[in-house]
Amino acid sequence: MPPRRSRARERNSVLSRPEFISLNPHRSSARRPSQLKHQTSQPSEEPTDSGSRDKKEPSKMPEEDCMQLNPSFKGIAMNSLLAIDISLSKRMGVCAYTSSSWGGCRSMVTLLALTGHGITWIIGTIVCLTRSNTLAGQEVLVNLLLALIVDIMTVAGVQRLVKRRGPWEMTPGFLDYIAMDVYSFPAAHASRAAMVSKFLLSHLVLAVPLRILLVLWAFLVGLSRVLLGKQHLTDMICGFALGMLHFSLMETVWLSSNTCQSLINISTLSWSPLF
């Protein structure tokens with residue numbers, strides 16, 4: 001008898017281990033009701049959870065989800081055009097640095113861009129105005145000076161609104177800060193070159209070779225900023241369009257000779273309204 005009891009105890013102790021608990025009939029039967037209760041309680045909790053989730057999360061229409069996930073064709077087209085513009089502008093920036101492929105021509109291209117700078121043209125127009133002795137010449141120069149001021153102010157205002165950086169994000173120079181040509185869009189040099197060339201072609205009598213050179217100069221001035229890596233291709237194109245718009249505006253509000261003479265007298269402090 002004692003050996004049988006010891007064997008039964010050893011068998012119960014072995015069956016009481018976690019890995020053999022399913023073989024113990026007494027423990028498995030004792031735990032089955034609790035497991036059944038737990039299993040029966042789970043389905044009752046699921047509807048309440050689902051109901052609370054339905055109350056917490058508002059229902060969304062499938063059409064709205066599709067509209068948010070699928071971008072519009074217009075957005076895809078604009079992003080593609082911007083990517084192409086940036087890629088082509090970076091490839092054309094061959095004079096951006098001295099280590100670039102055309103880095104040896106950087107000084108010459110910089111000098112070409114300087115010929116279309118706003119400060120250069122304003123100073124040159126004022127010098128020519130002080131040396132002009134004819135009323136017709138002074139009339140043209142005064143209107144050109146006003147056109148240059150309008151061009152600088154308009155381009156600076158649009159650049160402040162858009163705030164687009166160049167393809168290489170270079171720091172603007174000292175003259176650029178003076179002329180308020182800090183950002184890339186629209187191209188100030190291209191706008192000024194287009195406006196000045198159209199202005200001179202309309203109000204000066206020039207030979208055909210000079211007219212061709214003037215148009216070529218305007219195009220090269222706008223292109224020089226792209227070669228220097230400071231502006232995009234679209235900036236140059238929009239700059240040319242804005243320059244033509246400035247020319248049309250100045251032709252509409254063209255100042256007469258008497259008005260120009262009054263402005264000259266006021267600026268030189270020699271205006272005498274009583275005499």
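Calculation notes
- Residues numbered from 1 in each chain as written.
- Predicted model: local features only at pLDDT ≥ 70, side-chain atom pairs only at ≥ 80, totals over all residues.
- Heavy atoms only, no water.
- Patch = residues over 30% accessible without salt bridge, like charges linked within 9 Å, V, L, I, M, F, W, Y side chains within 5 Å.
- Areas by Shrake-Rupley, 256 points an atom, 1.4 Å probe, with all protein chains shown as cover.
- Salt bridge = Lys/Arg side-chain N within 4 Å of Asp/Glu carboxyl O.
- Helix = DSSP H or I, 4+ residues; strand = E, 2+ residues; numbered from the N terminus.
- Buried < 20%, exposed > 50% of the residue type's maximum accessible area, 1.4 Å probe, protein only.
- Expected span 1.5 Å × (residues − 1).
- Polar contact = N/O pair within 3.5 Å; in protein donor to acceptor, adjacent residues only side chain to side chain.
- Contact = heavy atoms within 4.5 Å.
- Core = buried A, V, L, I, M, F, W, Y, C linked by side-chain atoms within 4.5 Å.

An unreviewed UniProt entry annotates the protein as Phospholipid phosphatase 7 (inactive) originating from Takifugu rubripes.

A.B. asks: What should I look at first to understand a nonpolar patch on the surface in this one?
C.D. replies: A surface patch of nonpolar side chains, amounting to about 490 Å² of accessible area, comprises Leu-111, Leu-114, Phe-174, Leu-175 and Ile-178. When residues of the nonpolar patch are traced back to their parent elements, those giving at least two are α5 (106-114) and α8 (174-178). Here the nonpolar patch gets three residues from one element, more than from any other, and that element is α8. Tracing the chain through its elements places Leu-111 in helix α5. Residue Leu-111 is classed as exposed on the basis of its relative accessible area, which comes to 56%.

A.B. asks: How should I be thinking about helix α10 (residues 208-227) in this particular structure?
C.D. replies: Because each turn of an α-helix spans 3.6 residues, side chains separated by three or four positions end up pointing in the same direction. The end-to-end C-alpha distance of α10, which contains 20 residues, comes to 28 Å, matching closely the 28 Å that a straight helix rising 1.5 Å per residue would cover. Taken residue by residue, α10 has Leu-214, Trp-217, Ala-218, Val-221, Gly-222, Leu-223, Ser-224, Arg-225, Val-226 and Leu-227 as its buried positions. Remark: Gly-229 follows α10 within two positions and exhibits a positive phi of approximately 75°.

A.B. asks: When you look at the pattern of salt bridges in this model, what are you seeing that I'm missing?
C.D. replies: Two side chains bearing opposite charge may form a pair once their charged atoms approach each other closely. Counting across every chain of the model gives four salt bridges. A salt bridge links Arg-164 to Asp-85; the shortest N-O distance between them is 2.9 Å. In this pair, Arg-164 is assigned in the loop between α7 (135-162) and α8 and Asp-85 in helix α4 (residues 73-92), connecting sequence segments 79 residues apart. You can call Arg-164 buried: its relative accessible area is 18%. The closest approach of N and O atoms between Arg-225 and Asp-181, which form a salt bridge, is 3.6 Å. Of this pair, Arg-225 sits in helix α10 while Asp-181 sits in the loop between α8 and α9 (188-203); the two residues are 44 residues apart in sequence, bridging distant segments of the chain. You'll find Arg-225 and Asp-181 in the same group, each marked buried. Ionic contacts of the salt-bridge type, sharing partners, join the residues Asp-85, Arg-164 and Asp-235 into one network.

A.B. asks: I tried to follow the side chain of Ser-89 on my own but got confused; where do I start?
C.D. replies: Tracing the chain through its elements places Ser-89 in helix α4. There is a polar contact of 2.7 Å between the side chain of Ser-89 and the backbone oxygen of Asp-85. The contact partners of Ser-89, leaving out residues within four places of it in the chain, are Pro-167, Val-226, Gln-231, His-232 and Leu-233.

A.B. asks: How should I be thinking about the nonpolar core in this particular structure?
C.D. replies: Generally speaking, nonpolar side chains in soluble globular proteins are found buried as a group. By size, the foremost hydrophobic cluster in this structure holds 20 residues, and its most contacted members are Trp-121, Leu-148, Met-195, Val-196, Phe-199, Leu-200 and Trp-217. The set of elements that each furnish at least two residues to this core consists of α6 (118-131), α7, α9, α10 and α11 (233-252). Dropping the residues within four chain positions of it, Phe-199 is found in contact with Val-140, Asn-143, Leu-144, Phe-247 and Trp-254. One finds Ala-113, Val-226, Leu-228 and Phe-240 within the second-largest nonpolar core, a separate group that totals 14 residues.

A.B. asks: I tried to follow unusual backbone geometry on my own but got confused; where do I start?
C.D. replies: Generally, phi is negative for residues other than glycine and the peptide bonds are trans, each holding for most cases. A cis amide bond links Phe-185 to the next residue, Pro-186, at an omega of -10°. As for its position among the elements, Pro-186 is in the loop between α8 and α9. Unlike most non-glycine residues, Lys-163 shows phi in positive territory, near 55°. Along the chain, Lys-163 falls in the loop between α7 and α8. Phi at Met-180 takes a positive value of approximately 60°, unusual for a residue other than glycine. Relative to the elements of secondary structure, Met-180 occurs in the loop between α8 and α9.

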